[in-house]
Amino acid sequence: MAKQKIANQWAIVTGASKGLGYAYCQELFEKGYHVIAVARNCESVEELAKKYPNQKVKLLNLDLSKIANVYQLAQETKNENVTCLINNAGYGVWGYFKDSDLEQELNMIDLDIKALHILTKLFVQRFSENGVGRVINVGSLAAFTPGPVFASYYAAKAYVWSLGVAVNTELKKTKSPVRVITVCPGPLKTDFWNRSSNQSDANYHSTVKVMSTQKYAHKSLNKALKVKKKNYLITGTTNKFVKKLTKYVPQSWVLTSVYNYQRKRKEK
Ligand SMILES: NC(=O)c1ccc[n+]([C@@H]2O[C@H](COP(=O)([O-])OP(=O)(O)OC[C@H]3O[C@@H](n4cnc5c(N)ncnc54)[C@H](OP(=O)(O)O)[C@@H]3O)[C@@H](O)[C@H]2O)c1
């Protein structure tokens, strides 16, 4: 029944080749969407799509930190009935700010902020014209506090959260059927940490309980496709607790905790 409802609808997922984006692709196929997968190398999604012979897949191998490619993505999908865009591609640059690589940080800003900003605008416009559609932006719990030793990444996710909440408020106030929902995962066991710490095979370590990536994708997507009033979503008891701490505990305590958590990560 649910699958019939979304027949002939396309969803775009950026950062689709692995991690959370790949898990979102699987969830979208399960729901009956056709999927446009975007990453620098999307081969893995071609393999995944074979399990869903009734749905179509389109692979776009694009580096979205190059702004021309972001516009190309919008252009190449304009004839499809896209009703969902998941802005998921992203990474961080870990380390003390005085030492971390400026070129990497600027590239991260191009991907995590600029590409997401452009796609959010272009698809809010397209969805508004069509009278249907949802942008799901992948933020992070990192959006809710400055992040010493991971400063530019936390700042980037604060931008993602702030933009999404403001735009979604505009949409609700103007009675638009379109939504921009920001999902804010806590730590997930993906390749994110390897790239963000410039390691190829780091021993993943987190002192915070980690939800399985597929479970997170399942729960957050189900909610993000349905919510009417909420601007952003935090999924999982531990993540909700951590978010509450950032609100009710003195900021100096939060900053020291994040500093201690982040500075110890590379050695583990
Ligand atoms: N893992 C966590 O702990 C965590 C927590 C909170 C939020 N998040 C957020 O979740 C999102 C997904 O991260 P993840 O954990 O799934 O990391 P991941 O496993 O490293 O996946 C990142 C995805 O982004 C794609 N990508 C990277 N650079 C790209 C570029 N320049 N152009 C296009 N695609 C690019 C990668 O594919 P290619 O390499 O093929 O391009 C890959 O598909 C990110 O926005 C991240 O900030 C992650």
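Everything numeric in this text was worked out from a predicted model, so none of it was measured.

With respect to the sheet that holds strand 6 (residues 179–183)
Part 1 of the reasoning: In space, the 7 strands of this open sheet follow the order 3-2-1-4-5-6-7, with parallel pairing throughout. Bordering the open sheet on either side are strand 3 (57–61) and strand 7 (232–233), each of which pairs with just one other strand.
Part 2 of the reasoning: Bridge count between strand 5 (residues 134–138) and strand 6: 5 bridges; the pairing is parallel. Bridging from a neighbouring strand, Val138 pairs with Val183 of strand 6.
Part 3 of the reasoning: Sitting on the sheet, helix 5 (residues 102–130) touches strand 1 (10–14), strand 4 (82–87), strand 5 and strand 6, and the angle it makes with strand 4 is about 165 degrees.

Brief notes about helix 2 (residues 19–31)
Part 1 of the reasoning: Taking 1.5 Å as the rise per residue, helix 2 with 13 residues should run 18 Å; its terminal C-alpha atoms sit 19 Å apart, in good agreement.
Part 2 of the reasoning: Buried within helix 2 we find Leu20, Gly21, Ala23, Tyr24, Cys25, Glu27, Leu28 and Phe29.

As for a positive patch on the surface
Part 1 of the reasoning: On the surface, Lys215, Lys219, Lys223, Lys230, Lys240, Lys244 and Lys247 cluster together into a positively charged patch.
Part 2 of the reasoning: When residues of the positive patch are traced back to their parent elements, those giving at least two are helix 8 (213–224) and helix 9 (237–248).

A closer look at unusual backbone geometry
Part 1 of the reasoning: Within the chain, Val149 stands out as a residue other than glycine whose phi angle is a positive 75 degrees.
Part 2 of the reasoning: Within the chain, Lys175 stands out as a residue other than glycine whose phi angle is a positive 60 degrees.

Criteria and cut-off values
- Residues numbered from 1 in each chain as written.
- Predicted model: local features only at pLDDT ≥ 70, side-chain atom pairs only at ≥ 80, totals over all residues.
- Heavy atoms only, no water.
- Pairing = 2+ DSSP bridges.
- Helix = DSSP H or I, 4+ residues; strand = E, 2+ residues; numbered from the N terminus.
- Contact = heavy atoms within 4.5 Å.
- Axes fitted to C-alpha atoms, helices over the stretch in contact; angles between N-to-C directions.
- Expected span 1.5 Å × (residues − 1).
- Buried < 20%, exposed > 50% of the residue type's maximum accessible area, 1.4 Å probe, protein only.
- Patch = residues over 30% accessible without salt bridge, like charges linked within 9 Å, V, L, I, M, F, W, Y side chains within 5 Å.
- Areas by Shrake-Rupley, 256 points an atom, 1.4 Å probe, with all protein chains shown as cover.
- Salt bridge = Lys/Arg side-chain N within 4 Å of Asp/Glu carboxyl O.
- Lys, Arg positive; Asp, Glu negative; His and termini not counted.
- Charge placed at Lys NZ, Arg CZ, Asp CG, Glu CD.

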